[in-house]
Amino acid sequence: TLTGAGRVALGTDVPCLFANDEGVAVADVLVAESAKEQDQVWRLPLWQGYREEINGKIADLKNIGNGPYGGAITAALYLAEFVEPAAEGGAAPPWLHLDMMAFNTGSKPGRPEGGEAMGMRALFRLLEA
């Protein structure tokens, strides 16, 4: 899953963020706001070089890559396939995906073990910006 692969890449405390080219500016603001709020999120690349990993043999797409590597990226590329494409001569809509595990595996100051609103403080600040 994207969530599981994101946790392997970034650990349990940092949600992963993906953005298309049109959404990068907003993603950068979200990452900056997350650092200010001590509610860190981290952007991973939506690298098109892995796009072939989700080509299907029977259907057009499959929802998993060919192997165990780059799983968060291939899962995000799969999600990106369902974003409305650019109108002729226009740009695609900005797209972000923030993937949250939303669970603390241990207690830390201000963040007890259990359910957690990871990234929510950062998202709130983004909306205020």
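The preceding data block contains the structure.
Quick notes on the rules
- Residues numbered from 1 in each chain as written.
- Predicted model: local features only at pLDDT ≥ 70, side-chain atom pairs only at ≥ 80, totals over all residues.
- Heavy atoms only, no water.
- Helix = DSSP H or I, 4+ residues; strand = E, 2+ residues; numbered from the N terminus.
- Buried < 20%, exposed > 50% of the residue type's maximum accessible area, 1.4 Å probe, protein only.
- Contact = heavy atoms within 4.5 Å.
- Areas by Shrake-Rupley, 256 points an atom, 1.4 Å probe, with all protein chains shown as cover.
- Axes fitted to C-alpha atoms, helices over the stretch in contact; angles between N-to-C directions.
- Parallel < 35°, antiparallel > 145°, perpendicular 65-115°, else oblique.
- Left-handed = near helix turned anticlockwise from the far one by under 90°.
- Nonpolar A, V, L, I, M, F, W, Y, C, P; charged D, E, K, R; others polar.
- Phe/Tyr/Trp six-rings, centres within 6.5 Å; stacked < 30°, edge-to-face > 60°.
- Polar contact = N/O pair within 3.5 Å; in protein donor to acceptor, adjacent residues only side chain to side chain.
- Pairing = 2+ DSSP bridges.
- Right-handed = clockwise from strand over helix to strand, strands pointing away.

Colleague: Account for the overall build of the chain, with residues named and values stated.
Modeller: Within the chain, the secondary structure is distributed over four helices and five strands. Counted from the first residue to the last, the chain has its helices and strands arranged as α-β-α-β-α-β-β-β-α. C-alpha atoms of the chain, sized along the principal axes, occupy 50 × 35 × 20 Å. The buried share of the chain, taken over its 129 residues, is 32%. Within the chain, contacts between residues separated by at least 24 positions form 60% of all contacts whose residues are at least 6 apart in sequence. Put simply, the chain shows about 7,900 Å² of open surface, and 57% of that area lies on carbon and sulfur atoms.

Colleague: Let's hear about the packing of helix H2 (residues 24–36) against helix H4 (residues 120–128): which residues, and what values?
Modeller: At a minimum axis distance of 8 Å, the contact between H2 and H4 shows a crossing angle of 120 degrees. By the angle between their directions, the pair H2 and H4 is classed as oblique. Relative to H4, the crossing made by H2 is right-handed. Residues Val 26, Val 29, Leu 30, Glu 33 and Ser 34 of H2 form the contact with H4, whose participating residues are Ala 122, Leu 123, Arg 125 and Leu 126. A breakdown of the residues in the contact of H2 with H4 according to their chemical character gives six nonpolar, one polar and two charged.

Colleague: Explain the packing of aromatic side chains to me, using residue names and the numbers behind them.
Modeller: Summed over the entire model, instances satisfying the criterion amount to two aromatic pairs. Taking 4.8 Å as the distance between ring centres and 90 degrees as the angle between the ring planes, the aromatic pair formed by Trp 47 and Tyr 50 counts as edge-to-face. Of the residues examined, Trp 47 reaches a relative accessible area of 46% and is grouped as partly exposed. A residue is classified by how much of its surface remains accessible, and Tyr 50, at 32% relative accessible area, is partly exposed. Here Tyr 78 and Phe 82 contribute two aromatic rings whose centre-to-centre distance is 5.2 Å and whose plane-to-plane angle is 70 degrees, an arrangement assigned as edge-to-face. Looking at Tyr 78, the relative accessible area reads 25%, which means it is partly exposed. The class for Phe 82 is exposed, based on a relative accessible area of 58%.

Colleague: An account of the environment of Asp 99 is requested, with residue identities and associated values reported.
Modeller: Within the secondary structure, Asp 99 is located in strand E3 (residues 96–99). Along the backbone, Asp 99 and Trp 42 are 57 residues apart, and their C-alpha atoms lie at a distance of 10 Å. Apart from the residues lying within four places of it in its own chain, the contact partners of Asp 99 are Leu 2, Thr 3, Arg 7, Pro 15 and Cys 16. One polar contact links Asp 99 to Thr 3, side chain to side chain, over a distance of 2.6 Å.

Colleague: So what about the pairing of strand E1 (residues 16–19)? Which residues, and what values?
Modeller: With burial as the criterion, each face of E1 is covered, one bearing Cys 16 and Phe 18 and the other bearing Leu 17 and Ala 19. Pairing between E1 and strand E2 (residues 42–43): two bridges, direction parallel. Residue pairing in the sheet places Leu 17 in a bridge with Arg 43 of E2. Read from E1 through H2 to E2, the crossover connection turns out right-handed. Pairing geometry for E1 and E3, over four bridges, is antiparallel. Within E3, the residue paired with Cys 16 across the bridge is Asp 99.

Note that all results are geometric; they support no functional claim without further evidence.
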